[in-house]
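# Coordinate analysis (summary)
Here is what each chain is made of, one letter per residue.
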Amino acid sequence: IVIPCIYEKASSFKDNRARFMLNGKYGFVDNTGNQVIPATYQDAGYSFSEGLVSVKENGRWGFMNKEGKIVIPCVYDQVGYFSEGLASVSLKGKEGYIDQKGKKVIPLKYKSTMPFSENWAAVKVKDTYGYIDNKGKMQIKPTFGIGFKFADGLAKVKSTNGWVYGYVNKYGKEYIPIIYTNAGDFSESAAYVEYNKKYGYLNTYGSYLIAPKYDYAYDFSEGYALVKLWNKYFFIDKSGNKLSPKE
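Presented here is an overview of the structure given in this document. (Residues numbered from 1 in each chain as written. Predicted model: local features only at pLDDT ≥ 70, side-chain atom pairs only at ≥ 80, totals over all residues. Heavy atoms only, no water.)

## Topic: the pairing of strand β8 (residues 70-76)
Of the strand pairs in this sheet, strand β7 (residues 60-65) and β8 are connected by 3 bridges, and their pairing is antiparallel. In the sheet register, tryptophan 61 faces β8, and the bridge partner there is tyrosine 76. (Pairing = 2+ DSSP bridges. Helix = DSSP H or I, 4+ residues; strand = E, 2+ residues; numbered from the N terminus.)

Rendered as C-alpha cells:
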C-alpha cells in the first residue's frame, strides 16, 4: 500500500493530484501520498482540469492551482470546471463563463450552461438550449430540451417533447434523428444509443456500427467498450468482437 487507508473518501489521480476527505473536509494528495493541499475545504471538484480545481469555503466556490493557492476567489454560488480555457460560474441564479484569470468573458445571463467543447457550449435561454461560441455569440438558436457537448463535430441533444435524443451538427441541423431513448456523446467516432430497449453503437454518419443488442453499453476508450448482456459484462471492439482474456 503506497498511500495509507486513512481517508473517508478518495478520488482517482489526475495531474499527480487526487482529492481526499478527512474529518469531513477536502484536500489533495500527490502520488507519493504527501498531502500537498491540506484538508481545509468544505468541498472540492473531483479533479484538476487545465491546472485548476474548484474549491468551496464559507459556502462559496472559487478555483485553486496545484500548489494550493486560491487564484480565483470563492465568491460564486456554483462553478463548473475549466474546458478550453473557460469555466461556467453561477451567481444569483444566472450563469456565464470566466477565464483562468477570473475575468468574466461571457456575461452571467443564462439559466444553465455546459462546458465548452470544440469551441462551442450549450446554454439555456428561457426553457430551451442553444449553442454559443467562445466569444459568447449564439451560433445555434435555442430549440432543444437539453444540449450536450460537441465531439467529432456532433452534439447530442434532447427533444423538447419527451426523453428522446439525437445529434446535431454545427449548422444546427438534425444530423442523426432524435429517436433514441438513451444516448452517449461521441467518443472515438462512436456513440452508444438505446433503441427498443437495446443498446448499440452509431458511427458519425448515423449508421449502426454495431446494431442494438446489448442490455447496456458504455463509451469506447482505447478501441474498446464495456457492454452488458444477460447480466454479464465484457469488452468489445468496434466490430462487436468480444475481447478475449489473452488480449
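Picking up after the structure, the text goes on.
## Structural notes on the nonpolar core
Grouped together as the largest cluster of nonpolar side chains are 23 residues, with contacts concentrated most on Tyr131, Tyr167, Ile176 and Phe186. Sorting the residues of this core by element identifies β14 (120-125), β15 (128-133), β16 (138-144), β17 (146-151), β18 (154-158), β19 (165-168), β20 (174-180) and β22 (190-195) as the ones contributing at least two each. Examining the composition of this core, we find that 4 residues originate from one element, β17, more than from any other. Counting residues in hydrophobic clusters, the runner-up holds 12 residues, among them Tyr192, Tyr201, Ala217 and Val227. (Core = buried A, V, L, I, M, F, W, Y, C linked by side-chain atoms within 4.5 Å. Buried < 20%, exposed > 50% of the residue type's maximum accessible area, 1.4 Å probe, protein only.)

## Brief notes about the side chain of asparagine 203
Checked against the element boundaries, asparagine 203 lands in strand β23 (residues 198-203). Classification of asparagine 203 by relative accessible area gives buried; the value is 19%. In this structure the side chain of asparagine 203 is engaged in a polar contact, spanning 2.9 Å, whose partner is the backbone nitrogen of tyrosine 205. (Polar contact = N/O pair within 3.5 Å; in protein donor to acceptor, adjacent residues only side chain to side chain.)

## A closer look at the sheet that holds β8
Here 4 strands make up an open sheet; going across it, the order is β5-β6-β7-β8 and the pairing antiparallel. Only two strands of the sheet have a single neighbouring strand rather than two, namely β5 (43-44) and β8.

## Section: unusual backbone geometry
One non-glycine residue, glutamate 50, adopts positive backbone phi at about 55°. By secondary structure assignment, the location of glutamate 50 is in the loop between β5 and β6 (52-57). Even without glycine at this site, serine 189 takes up a positive phi of about 65°. Here serine 189 shows up in the loop between β21 (182-183) and β22.

## Some thoughts on the sheet that holds β16
Strand order in the open sheet made by the 4 strands is β13-β14-β15-β16, with antiparallel pairing throughout. The open sheet has two free edges, formed respectively by β13 (112-113) and β16, since each of these has just one partner strand.

## Some thoughts on the environment of phenylalanine 116
Counting through the fold element by element, phenylalanine 116 comes out in the loop between β13 and β14. C-alpha of phenylalanine 116 to C-alpha of leucine 243: the two residues are 127 residues apart in sequence and 34 Å apart in space. Ignoring any residue separated from it by four or fewer positions in sequence, one finds phenylalanine 116 in contact with Ser83, Glu84, Leu86, Tyr97, Ile106, Ala121, Ile132, Asp133 and Asn134. (Contact = heavy atoms within 4.5 Å.)

## Topic: the environment of glutamate 194
Position of glutamate 194 among the secondary structure elements: in strand β22. Exposure remark for glutamate 194: the relative accessible area of 16% places this residue in the buried category. Between the alpha carbons of glutamate 194 and alanine 211 there is a distance of 10.0 Å; along the sequence they are 17 residues apart. Engagement of the side chain of glutamate 194 in a polar contact is seen with the side chain of threonine 181, the distance being 2.9 Å.

## Digging into the packing of aromatic side chains
Scanning all chains against the criterion turns up 15 aromatic pairs. For the ring pair tyrosine 199 and tyrosine 216, a centre distance of 4.8 Å and an interplane angle of 50° mean the geometry is tilted. Remark: tyrosine 216 occurs in strand β25 (residues 216-221) and tyrosine 199 occurs in strand β23; sequence separation between them is 17 residues. Look at tyrosine 201 and phenylalanine 220: their rings are 4.8 Å apart centre to centre, the planes differ by 65°, and that puts the pair in the edge-to-face class. Of the two residues, tyrosine 201 is situated in strand β23 and phenylalanine 220 in strand β25; the sequence distance between them amounts to 19 residues. Among the aromatic residues, those joined into a ring-pair cluster are Tyr192, Tyr199, Tyr216 and Tyr218. Here lysine 156 stacks its cationic end above the ring of phenylalanine 148, 4.1 Å away from the centre of that ring. Its end group placed over the ring of phenylalanine 220, lysine 238 keeps NZ or CZ at 5.7 Å from the ring centre. (Phe/Tyr/Trp six-rings, centres within 6.5 Å; stacked < 30°, edge-to-face > 60°. Lys NZ or Arg CZ within 6 Å of the ring centre and 35° of its normal.)

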